Amino acid sequence: MVDIEMLFLHIQDGCDIGSRPIDLHLKSFEKLGICVTQNHGNIKCNAERIKGEKIDLDFPSVGATENIILASVLAEGTTIITNAAREPEIIDLQNFLNRMGAKITGAGTDKVHIQGVKKLKEVSYNIMPDRIETGSFLCWGAATKGNVILENVNPSHITPIICKLEEADCKIEIDKNKIKLLAPKKLKAIDIKTMPYPGFPTDMQSVFASMLTTAKGTSIIIENIFENRFKFTQELNKMGSKITIEGKSAIIRGVRRLYGTKVNATDLRGGAALVLAGLIAKGETQVDNIEYILRGYESLDKKLKNLGAKIKIVNG
């Protein structure tokens, strides 16, 4: 018997950015022959065997696509996922598992095939660059009128981000695994709509919103993925930004300057947005609840110091 414990359900203090139901995960497990029982908030999955099946996702969920792939690699027969998520991370997962002996094709498209195998082997594997970290550093450079060179990145993973930065008047040069950004004296206002990959990533809208607080004109960001992802704007407004929320839209009227103050990170990417605001604000900014931020950015203070930022992490 195979017992599967839903570890992701035990993660504490996750980002409160809206509803993130796991119904797609559980329905998919059941189609694979896994018995799912729920009792007072606890979920237990077990199966005598896992059998390949065709699974049609209602929404191209990254997590559900990944979980189905992981549950199917050692299953009996073939599993087909339609309306699968197309993010680069899915391709990277496929490449990693195939290196271990799995038989997966189609990652990066809306249809993924998994032919079950009997076992996997140990391997050494280098994971892909973090595309959201890449985009964040480009925005930090753009907001501070900087000249930034990022190495060991994959520009093809962040095409919508690069396009929007160019639309805001940044000059960008791409050379294989390197991106160079030269910011203008004044960014232009732009409009953004978040969409599943290959559209503009929801994880980048917070940082872009912060960057656009001092742009010339009015920017509009429409959030189509999570319904509660604008909490950070209340903190930005404490610093002098002019952001109005209307439904799933954030209307950002560019101001001349932000002012440093004490703010709270409301989630990972919202916290990154506040770091950006602190970099361009007059005076000192203190960002609390940084445990959110540090989950997603390794050695953030050291990397920003390398770019000339005056930043430090205060423990306690």
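Refer to the structure above for everything that follows.
Every value quoted in this text rests on a predicted model; they were computed, and no experiment measured them. (Residues numbered from 1 in each chain as written. Predicted model: local features only at pLDDT ≥ 70, side-chain atom pairs only at ≥ 80, totals over all residues. Heavy atoms only, no water.)

Chemist: An account of the environment of I80 is needed here, citing residue identities and associated values.
Modeler: With respect to the helices, strands and loops of the structure, I80 is situated in strand β5 (residues 78-82). Its relative accessible area of 23% is what places I80 among the partly exposed residues. With 32 residues separating them along the chain, I80 and E48 place their C-alpha atoms 21 Å apart. What I80 contacts, discounting residues up to four positions off in sequence, is E53, K54, I55, K111, V112 and H113. (Helix = DSSP H or I, 4+ residues; strand = E, 2+ residues; numbered from the N terminus. Buried < 20%, exposed > 50% of the residue type's maximum accessible area, 1.4 Å probe, protein only. Contact = heavy atoms within 4.5 Å.)

Chemist: Summarise the nonpolar core; cite the residues concerned and give the values.
Modeler: Of all hydrophobic cores here, the largest spans 58 residues; its most connected members are W140, L165, F208 and M211. By residue number, the principal contributor to this core is helix α8 (residues 268-280), which donates eight residues. When neighbours within four sequence positions are excluded, W140 is seen to be in contact with A272, V275, L276, L279, Y297, L300 and L304. In terms of nonpolar packing, the next biggest core, distinct from the first, is built from 31 residues, L32, A47, V73 and I81 among them. (Core = buried A, V, L, I, M, F, W, Y, C linked by side-chain atoms within 4.5 Å.)

Chemist: Explain the sheet that holds strand β6 (residues 103-105) to me, using residue names and the numbers behind them.
Modeler: Strand order in the open sheet made by the four strands is β4-β5-β7-β6, with mixed pairing throughout. The open sheet has two free edges, formed respectively by β4 (54-56) and β6, since each of these has just one partner strand. Each strand of the sheet is rotated relative to its neighbour by a mean of 15°, with strand direction disregarded. The pairing of β5 with strand β7 (residues 111-115) spans five bridges and is classified as antiparallel. From the neighbouring strand, I80 faces β7, where its bridge partner is H113. Here helix α2 (residues 62-72) sits on the sheet in contact with β4, β5, β6 and β7, set at roughly 175° to β5. (Pairing = 2+ DSSP bridges. Axes fitted to C-alpha atoms, helices over the stretch in contact; angles between N-to-C directions.)

Chemist: Kindly report on the sheet that holds strand β12 (residues 218-222), identifying the contributing residues and their values.
Modeler: Strand order in the open sheet made by the four strands is β11-β12-β14-β13, with mixed pairing throughout. Both edges of this open sheet fall to β11 (191-193) and β13 (242-246), since each of them pairs with a single strand only. Across the sheet, the mean angle from the axis of one strand to that of its neighbour is 15°, orientation sign disregarded. Summarising the sheet, β12 and strand β14 (residues 249-253) pair through five bridges and their orientation is antiparallel. Its bridge partner being in β14, S219 is matched across the sheet by I252.

Chemist: Let's hear about unusual backbone geometry: which residues, and what values?
Modeler: Following Y197, the chain continues to P198 via a peptide bond in cis, the omega torsion being 15°. Looking at the element boundaries, P198 is found in the loop between β11 and α6 (202-211). With a phi close to 60°, K145 is a non-glycine residue in the positive phi region. Mapped onto the elements of the fold, K145 is located in the loop between α4 (131-143) and β8 (147-151). Judged by relative accessible area, K145 falls into the exposed class, the value being 55%. Located in the positive-phi region is S299, a residue other than glycine, with phi close to 50°. Checked against the element boundaries, S299 lands in the loop between α9 (291-294) and α10 (300-306). The class of S299 is partly exposed, set by a relative accessible area of 33%.

What is shown is where atoms sit, not what they do.
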